Amino acid sequence: MNSNMSNTAFTKVPFLSGLDQESHAKWLVALNEAARGFTVCDVGELTQAERHQASVAIVANPSASQLAVLPNLVWVQSLWAGVEKLVNQELAPSLKIVRLVDDRLSETMAEAALAWALYLHRDMPLYRQQQDQQQWQQWPVKLAHERSVAVLGMGALGKRVAQKLSDTGFVVRGWSKNAKSANELTVAHFSGENGLLEILKISEIVIILLPLTEDTSGLLNEQTLSYLPSGASIINFARGPIINDDALLEGLNAGQLAHAVLDVFATEPLPEHHSFWTHLNITVLPHIAAPTDQTSASKIVANNLVDYFENGAIPTSISKARGY
Ligand code: NAP
């Protein structure tokens with residue numbers, strides 16, 4: 001047993017979030033239902049001594065000032081898969097960030113990717129527009145195996161998405177930073193800058209599942225979007241700034257791009273007068289592709305904390321240098 005466990009302060013795990021009160025309170029209930037041998041509480045419930053002793057906290061987009069009241073944190077467990085806001089904060093260099101990796105989240109994301117890939121594949125935006133004009137017009141139907149889909153980002157989410165789309169019959173290819181061996185993946189894989197050019201050239205639907213980092217910000221810009229075949233579509237389920245909005249609008253308005261399904265934006269909620277709201281070739285979703293499931297996430301968090309308290313094991317943390 002870790003010596004920390006003998007101190008009762010470590011049976012209280014602070015939960016810091018930037019959530020509204022109601023959501024924060026719901027998370028506290030879910031986290032405590034899953035907790036074993038510890039309780040999760042607000043930082044206000046800790047004495048000054050307990051704040052100094054706390055070596056781990058559960059977090060959901062906390063502010064730097066919230067984190068500052070726990071000066072001896074060794075690691076934080078995020079409830080979100082995307083942790084770019086934490087990475088971009090001024091944190092103690094030694095503080096480890098553990099993000100949420102949850103099969104249920106991957107499955108939910110795969111379902112969303114399938115739903116919206118089919119929406120594009122079967123021309124639903126076009127038929128919706130035709131209905132608005134009472135226009136009876138049939139277009140040729142492509143089969144799934146004639147449709148090429150690129151998944152940008154082949155991590156916990158991208159891999160499952162690629163598998164599900166491939167199982168449905170689409171021609172799926174993945175792209176990520178590092179080369180991968182054939183037995184790691186079930187779909188063709190590309191990597192690096194040249195790999196991006198190659199995969200974009202042959203993809204009709206591009207699904208973005210990359211983390212937002214210095215390298216991925218603006219990755220889909222005027223130049224990279226121009227590699228796509230005419231009439232290609234984009235699904236962004238990752239983070240808004242990965243696409244350059246002006247380049248996207250230009251591509252859509254020029255007809256180079258057919259449609260964009262956007263779940264994430266540079267500013268969320270999407271501002272009231274933003275041109276995306278009314279653009280015929282943009283589908284706006286309110287960051288709903290794959291919400292964290294409170295029950296499964298709370299169990300994963302509880303297992304991680306028990307392992308830490310009992311064995312001193314800290315789960316794999318992200319690399320702050322590479323940003324994910
Ligand atoms: P992950 O497991 O960390 O995977 C990230 C993938 O992106 C890896 O394949 C990585 O490549 C690749 N990558 C990172 N930087 C790259 C670069 N510069 N060039 C090429 N590839 C790069 O992350 P995840 O769990 O799949 O999550 C991905 C993102 O989804 C999250 O960061 C979050 O922003 C977003 N998300 C959105 C929602 C929603 O509801 N809309 C929900 C959850 C998550 P390597 O494999 O080579 O390292």
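About the cut-offs
Residues numbered from 1 in each chain as written. Predicted model: local features only at pLDDT ≥ 70, side-chain atom pairs only at ≥ 80, totals over all residues. Heavy atoms only, no water. Pairing = 2+ DSSP bridges. Helix = DSSP H or I, 4+ residues; strand = E, 2+ residues; numbered from the N terminus. Axes fitted to C-alpha atoms, helices over the stretch in contact; angles between N-to-C directions. Contact = heavy atoms within 4.5 Å. Core = buried A, V, L, I, M, F, W, Y, C linked by side-chain atoms within 4.5 Å. Buried < 20%, exposed > 50% of the residue type's maximum accessible area, 1.4 Å probe, protein only.

**Considering the sheet that holds strand S12 (residues 282–284)**
Whether parallel or antiparallel, the strands of a sheet pair through hydrogen bonds between backbone atoms.
Consideration 1: With respect to topology, seven strands assemble into an open sheet ordered S8-S7-S6-S9-S10-S11-S12, the strand pairing being parallel. Of all strands in the sheet, those bounded by a partner on one side alone are strand S8 (188–191) and S12. With strand direction ignored, the average angle separating the axes of adjacent strands in the sheet is 15 degrees.
Consideration 2: Pairing of strand S10 (residues 232–236) with strand S11 (residues 257–262) involves five bridges; the strand directions are parallel. What sits directly across from Ala232, in S11, is Leu257.
Consideration 3: Of the strands in this sheet, strand S6 (148–152), strand S7 (171–176), S8 and strand S9 (205–208) touch helix H8 (residues 192–201), which is tilted by about 155 degrees from S7.

**Here's the deal with the nonpolar core**
In summary, soluble globular proteins display a tendency toward joint burial of nonpolar side chains.
Consideration 1: In this structure, Leu152, Ile208, Ile234 and Leu248 are the most contacted members of the largest nonpolar core, which totals 31 residues.
Consideration 2: Elements with a contribution of two residues or more to this core: S6, H8, S9, S10, helix H10 (245–253) and S11.
Consideration 3: Sort the elements by how many residues they give to this core and H10 lands first, with four residues.
Consideration 4: In contact with Leu152, not counting residues within four places along its chain, are Trp175, Leu196, Ile199, Val206, Ile207, Ile208, Leu209, Leu210 and Leu220.
Consideration 5: Ala113, Ala144, Met154 and Val161 belong to the second-largest nonpolar core, a separate cluster that totals 27 residues.

**Regarding the side chain of His24**
Consideration 1: Counting through the fold element by element, His24 comes out in helix H1 (residues 21–34).
Consideration 2: For His24, a relative accessible area of 13% translates into the label buried.
Consideration 3: Not counting residues up to four positions away in its chain, the partners in contact with His24 are Phe15, Ser17, Leu19 and Asp42.

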